[in-house]
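These are the residues of each chain, in order.
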Amino acid sequence: MASTAAVPFWRAAGMTYITYSNICANLVRNCLKEPLKAEALNREKVHFSLSKWAGGKPEKPILRSDTPGV
Amino acid sequence: MFRQASRLVSRSITAKSATNRAFSTEVPSTIDSSFVEAWKKVAPNMDPPQTPSSFMKPRPSTASSIPTKLTVNFVLPYASELSGKEVDMVIIPATTGQMGVLPGHVPTIAELKPGIMSVHEGTDIKKYFVSSGFAFLHANSVADIIAVEAVPLENIDASQVQKGLAEFTQKLASATTDLEKAEAQIGVEVHSAMNAALSG
């Protein structure tokens, strides 16, 4: 039962809505005037730490961060 | 006893299948009295089962007359731009085109495309460029608009927009994979929208 609903081009290319929305927001932020741009770029920063679990205990976490020196 | 109960339930359901069920907003507590009576006959010591609607708060009722003002809640992930502000009209950039929302608008969920959102209050018009998002228009003339990024038009740098537009148009021409094409197309759309917003 193939649905014939028209999908947006980004969905057809395999992108999810959240990815699309974040790309749009990033593009808008890149076109701001200073100093708002610097503040805005702060909002794009991502910081997260990932740890795999084995035997009920977390292993050493992997850190992914845009803030240097962390 | 429970086998009998299910027979009673199915009997009362088939009896009612011809009638149209009202929406939960119109009849806040629909307790099927014939079912409750039949239940009490079979299981007098047990409470009749609850239905999901009895746990739900009733939806805010639609005023019988159309309110004079539209209440707008415009939120971003990092700030609440407008909260409960009463305005005359908002024009939102829906994917189906610019949509004007007046008090008493039909309840709608609209996906927004990159474009200008304008809030009209008397003679005041405040314009924002919205990157994308959704607008929920409720029956009680409350509009919830959510966006990831929204900036007043004065804060957009025209030269950056032109640069971006040229860059992405070029990327679109040279893109190979579907994903690259999609990203380049998004870039072209967003920058053209910003361009139109600044010049329009």
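As recorded in an unreviewed UniProt entry, chain B goes by the name ATP synthase subunit delta', mitochondrial, listed as coming from Brassica carinata. Taken from UniProt, the Sequence similarities (unreviewed entry) comment for chain B reads in full: "Belongs to the ATPase epsilon chain family." The record in UniProt for chain B states the following under Subunit (unreviewed entry): "F-type ATPases have 2 components, CF(1) - the catalytic core - and CF(0) - the membrane proton channel. CF(1) has five subunits: alpha(3), beta(3), gamma(1), delta(1), epsilon(1). CF(0) has three main subunits: a, b and c."

For chain A, the name recorded in an unreviewed UniProt entry is ATP synthase subunit epsilon, mitochondrial, with Brassica carinata as its organism. UniProt annotates chain A under Sequence similarities (unreviewed entry) with the comment "Belongs to the eukaryotic ATPase epsilon family."

So, about the overall build of chain A. When you go through chain A residue by residue, the secondary structure sums to three helices and four strands. Helices (α) and strands (β) of chain A occur, in sequence order from the N terminus, as α-α-α-β-β-β-β. Taking all 70 residues of chain A together, 23% fall into the buried category. Looking at chain A alone, contacts between residues at least 24 apart form 0% of all its contacts between residues at least 6 apart. On chain A, roughly 5100 Å² of surface is accessible, and the fraction owed to carbon and sulfur atoms is 59%.

Before going further, it helps to spend a moment on the nonpolar core. If you look at the biggest cluster of nonpolar residues, it comprises 27 residues, and the most contacted ones within it are A:M15, A:Y20, B:F129, B:I156, B:I186, B:V190 and B:M194. Counting only elements with at least two residues in this core, the list comes to helix 2 (17-30) of chain A together with helix 4 (158-174) and helix 5 (178-199) of chain B. Contacts of A:M15, omitting those with residues within four sequence positions, involve A:W10, A:Y20, A:I23, B:L179, B:A182, B:E183 and B:I186. Core analysis: the next-biggest nonpolar cluster, separate from the first, contains 23 residues, B:V72, B:A94, B:A135 and B:A150 among them.

Below, the discussion takes up the pairing of strand 7 (residues 124-130) of chain B. All names here are of chain B. By the bridge criterion, seven bridges tie strand 6 (residues 115-121) to strand 7 in an arrangement that is antiparallel. Note on strand 7: the bridge partner recorded for S118 is K127. The loop that links strand 6 with its antiparallel partner strand 7 comprises two residues; one of these, G122, has a positive phi angle of about 65°. Pairing between strand 7 and strand 10 (residues 150-152): three bridges, direction antiparallel. Of the residues in strand 10, the one forming a bridge with Y128 is P152.

Our next topic: a nonpolar patch on the surface. All names here are of chain A. A cluster of nonpolar side chains, V46, F48, L50 and I62, forms an exposed patch at the surface whose accessible area comes to about 330 Å². Take I62: it is sitting in strand 4 (residues 62-65). Classification of I62 as partly exposed rests on a relative accessible area of 47%.

Another aspect to go through is unusual backbone geometry. Despite not being glycine, B:S141 has its phi angle at roughly 60°, a positive value. Mapped onto the fold, B:S141 is located in the loop between strand 8 (133-137) and strand 9 (142-147).

Once that is clear, we can look at the interface of chain A and chain B. Frequently, the measure chosen for interface size is the accessible area that the parts lose on association. Contact residues are listed per partner, giving 21 residues for chain A and 29 residues for chain B. For the pair chain A and chain B, the two sides together bury roughly 2200 Å², of which 69% comes from carbon and sulfur. Contact with chain B buries area across many residues of chain A, yet A:F9, A:V28 and A:C31 alone supply 26% of it, more than any other trio. Scanning the region where chain A abuts chain B turns up one salt bridge. In this structure, the salt-bridge partner of A:R29 is B:E149, at a minimum N-O distance of 2.3 Å. For the pair chain A and chain B, the interface holds six residue pairs in polar contact (both at pLDDT 80 or more).

A word on the packing of aromatic side chains. Applying the stated criterion across every chain, the model contains seven aromatic pairs over all chains. On the basis of an interplanar angle of 50° and a centroid distance of 5.2 Å, the ring pair of A:Y17 and B:F134 is categorised as tilted. Remark: B:F134 occurs in strand 8 and A:Y17 occurs in helix 2; the pair is interchain, linking two chains. Owing to a relative accessible area of 16%, A:Y17 belongs among the buried residues under this scheme. The structure contains a cluster of three or more aromatic residues connected by ring pairs, namely A:W10, A:Y17, A:Y20, B:F134 and B:F136. Its guanidinium or amino end placed over the ring of B:F168, B:K171 lies 4.7 Å from that ring's centre, counting from NZ or CZ.

So, on to the pattern of salt bridges. Residue and element names in this part refer to chain B. All told, the structure shown has four salt bridges over all chains when counted by the stated rule. Across the pair K69 and D88 runs a salt bridge, and its minimum N-O distance is 3.0 Å. Highlighted residues: K69 in the loop between helix 3 (52-55) and strand 1 (70-75) and D88 in the loop between strand 2 (80-87) and strand 3 (89-94), separated in sequence by 19 residues. Residue D88 is classed as partly exposed on the basis of its relative accessible area of 27%. Notably, a salt bridge pairs E121 with K69, separated by 3.3 Å at the nearest N-O pair. Linking E121 in strand 6 with K69 in the loop between helix 3 and strand 1, this pair joins segments that are 52 residues apart in sequence. What emerges from the salt-bridge pattern is a single network uniting K69, D88 and E121.

Reading the values: the criteria
Residues numbered from 1 in each chain as written. Chains lettered and ligands numbered in written order. Predicted model: local features only at pLDDT ≥ 70, side-chain atom pairs only at ≥ 80, totals over all residues. Heavy atoms only, no water. UniProt positions renumbered as here; feature names shortened; annotations may be inferred. Helix = DSSP H or I, 4+ residues; strand = E, 2+ residues; numbered from the N terminus. Buried < 20%, exposed > 50% of the residue type's maximum accessible area, 1.4 Å probe, protein only. Contact = heavy atoms within 4.5 Å. Areas by Shrake-Rupley, 256 points an atom, 1.4 Å probe, with all protein chains shown as cover. Core = buried A, V, L, I, M, F, W, Y, C linked by side-chain atoms within 4.5 Å. Pairing = 2+ DSSP bridges. Patch = residues over 30% accessible without salt bridge, like charges linked within 9 Å, V, L, I, M, F, W, Y side chains within 5 Å. Salt bridge = Lys/Arg side-chain N within 4 Å of Asp/Glu carboxyl O. Buried area = accessible area lost by both parts, 1.4 Å probe. Polar contact = N/O pair within 3.5 Å; in protein donor to acceptor, adjacent residues only side chain to side chain. Phe/Tyr/Trp six-rings, centres within 6.5 Å; stacked < 30°, edge-to-face > 60°. Lys NZ or Arg CZ within 6 Å of the ring centre and 35° of its normal.

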